[in-house]
Amino acid sequence: MEIKNRRVFLKVVTAGMISFFVFIWNKLTLQHIETSGSSEATLPLNKNKEVQFFDRFIVVNTNDNTRVFSSHCSHLGCKIDKVANGKLVCPCHGSEYDLNGNVIKGPAYKNLTEVNSTLTNDGKSIIVKG
Ligand code: FES
């Protein structure tokens, strides 16, 4: 009887520890994604720059086309803040994306999230919703 109680106790403790670590892992890796909620921001647009980095967004200008992507890597959410050889590079584990937000090198396997955006009438700013 005592051995059975010990096994049940160990199972409960193990399940609790696993739940705790999963909770902490999600908080650490997804915290900034959760806080990025839906909001609107107006960003200054420099059409002379192919790529502009902002806190939560990356603005890409190619051939008169302006697109906005989340700056959070699709792997574990690190902030992408570098472009090298025409590729967006994540500083954490080296994932690379082309300027259309497509993964070209892992460990990320999902493309960057594109954010809805609208150019202002004067073309000097871009309004992003995301
Ligand atoms: S978080 Fe970007 S490659 Fe891992």
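You'll find the structure just up there.
Scoring rules and cut-offs
- Residues numbered from 1 in each chain as written.
- Predicted model: local features only at pLDDT ≥ 70, side-chain atom pairs only at ≥ 80, totals over all residues.
- Heavy atoms only, no water.
- Pairing = 2+ DSSP bridges.
- Helix = DSSP H or I, 4+ residues; strand = E, 2+ residues; numbered from the N terminus.
- Axes fitted to C-alpha atoms, helices over the stretch in contact; angles between N-to-C directions.
- Salt bridge = Lys/Arg side-chain N within 4 Å of Asp/Glu carboxyl O.
- Buried < 20%, exposed > 50% of the residue type's maximum accessible area, 1.4 Å probe, protein only.

K.L.:
Would you mind going over the sheet that holds strand β2 (residues 51–53) with me for this structure?
P.N.:
The pairing of strands in a sheet happens through backbone hydrogen bonds and is either parallel or antiparallel. Pairing is antiparallel across the open sheet formed by 6 strands, whose spatial order is β1-β10-β9-β4-β3-β2. At either margin of the open sheet sits one strand with a lone partner, and together these are β1 (40–44) and β2. Put simply, the sheet's adjacent strands are angled 30 degrees from each other on average, direction ignored. Taken together, the 3 bridges between β2 and strand β3 (residues 57–62) define a ladder with antiparallel strand orientation. In the sheet register, Phe53 faces β3, and the bridge partner there is Ile58.

K.L.:
Which parts of the structure should I look at to understand the pattern of salt bridges?
P.N.:
Pairing is possible between side chains of opposite charge, provided their charged atoms come close. Evaluation of the coordinates by the stated rule reveals 3 salt bridges. A salt bridge links Asp55 to Lys79, with the shortest nitrogen-to-oxygen separation between them at 3.6 Å. Here the residue Asp55 occupies a position in the loop between β2 and β3, and Lys79 occupies one in the loop between β4 (65–70) and β5 (82–84), the gap between them amounting to 24 residues. Arg67 is the partner of Glu114 in a salt bridge, and the nearest nitrogen-oxygen pair spans 2.7 Å. A residue pair is termed long-range when its members are at least 10 positions apart, and Glu114 in strand β9 (residues 114–119) and Arg67 in strand β4 qualify at 47 residues. Residue classification places Glu114 among the partly exposed residues on the basis of a relative accessible area of 41%.

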